[in-house]
Amino acid sequence: MVPEKGKDGLRRYHMWAGHPQGEKEDTTRCIEEVCAAGRAILFYQCNRKRGFGPGNLYCKQHDPVEVKRRAAEVEARWKAKQAARAHPYQQAADGLVLADALLDIDARMNWELMGKTMPVGWKMILVPLARKVKSGGSI
Ligand SMILES: [Zn+2]
């Protein structure tokens, strides 16, 4: 939040009943009003040097463009998290496709014709696993 300018063109910070005049804006500092850590009712002018955002009135952290960018980043992270939550279903679908493909290969494969010995893992592991996935079990 940025306070409105007063009659003298300067903003006032840290205004409250016991400090009705507040503190005049320091024109070298960011115009954002921030609250003291752990003391949510005491607001001060941001301590960082200005030089960013509209009119170079903000510090890098409070530059509205930067604030927007960070919010978008948080939202993107949240969306990614939601997508990850849906991921088990995608994995199950992938598993079924994989199992189908493997069983199809198994049905068509003729190792003898290829002059090869069937790998032990093929019949002992992969095909049983594919059948298990197809029957509703998970890997
Ligand atoms: Zn600032």
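See the structure shown above.
Read on for an overview of the structure. All values derive from a computational prediction rather than experimental measurement.

Moving on, we get to the overall build of the protein chain. Helix and strand counts for the protein chain come out as two helices and four strands. Listing the helices and strands of the protein chain from first to last along the sequence gives β-β-β-β-α-α. The globule rule puts the C-alpha radius of gyration for 139 residues at 14 Å, and the 32 Å found for the protein chain is more than 25% above it. Principal axes of the C-alpha set define a box for the protein chain whose edges measure 95 × 30 × 20 Å. Taking all 139 residues of the protein chain together, the buried fraction comes to 11%. Contacts in the protein chain between residues far apart in sequence, at least 24 positions, make up 30% of those at least 6 positions apart.

Turn by turn, an α-helix covers 3.6 residues, leaving residues three or four places apart pointing in a common direction. Helix length check: helix α2 (residues 120-134), at 15 residues, gives a terminal C-alpha distance of 21 Å against a target of 21 Å (1.5 Å per residue), a fit within 8%. The largest bend along α2 measures about 25° and falls at Leu 126, with the proline Pro 128 one to four residues further on.

A few words on helix α1 (residues 64-108). Taking 1.5 Å of rise per residue, the 45 residues of α1 would be expected to cover 66 Å, and the 62 Å separating its terminal C-alpha atoms lies within 8% of that figure. Of all the bends in α1, the greatest reaches close to 40° and is centred on Ala 86; the proline Pro 88 follows between one and four positions later. The element α1 is barely covered by neighbouring structure, given that only one of its 45 residues are classed as buried.

Two quantities define a packed helix pair, namely the angle between the axes and the distance from one axis to the other. Running from N to C, α1 and α2 cross one another at 130°; their axes reach a closest spacing of 9 Å. Comparing the axis directions of α1 and α2 gives the class oblique. Of the two elements, α1 crosses α2, and the hand of that crossing is left-handed. In this structure, α1 contributes Gly 95, Leu 96, Ala 99, Leu 102, Leu 103 and Asp 106 to the contact, and α2 contributes Leu 126, Val 127, Ala 130, Val 133 and Lys 134. Partitioning the contact of α1 with α2 into residue classes produces eight nonpolar, one polar and two charged.

The rules we used
- Residues numbered from 1 in each chain as written.
- Predicted model: local features only at pLDDT ≥ 70, side-chain atom pairs only at ≥ 80, totals over all residues.
- Helix = DSSP H or I, 4+ residues; strand = E, 2+ residues; numbered from the N terminus.
- Rg over C-alpha atoms; globule rule 2.2 N^0.38 Å.
- Buried ≥ 20, exposed ≤ 12 C-beta atoms within 10 Å, placed from the backbone.
- Contact = placed C-beta atoms within 7 Å.
- Expected span 1.5 Å × (residues − 1).
- Bend = angle between axes of the 7 residues up to and from the residue.
- Axes fitted to C-alpha atoms, helices over the stretch in contact; angles between N-to-C directions.
- Parallel < 35°, antiparallel > 145°, perpendicular 65-115°, else oblique.
- Left-handed = near helix turned anticlockwise from the far one by under 90°.
- Nonpolar A, V, L, I, M, F, W, Y, C, P; charged D, E, K, R; others polar.

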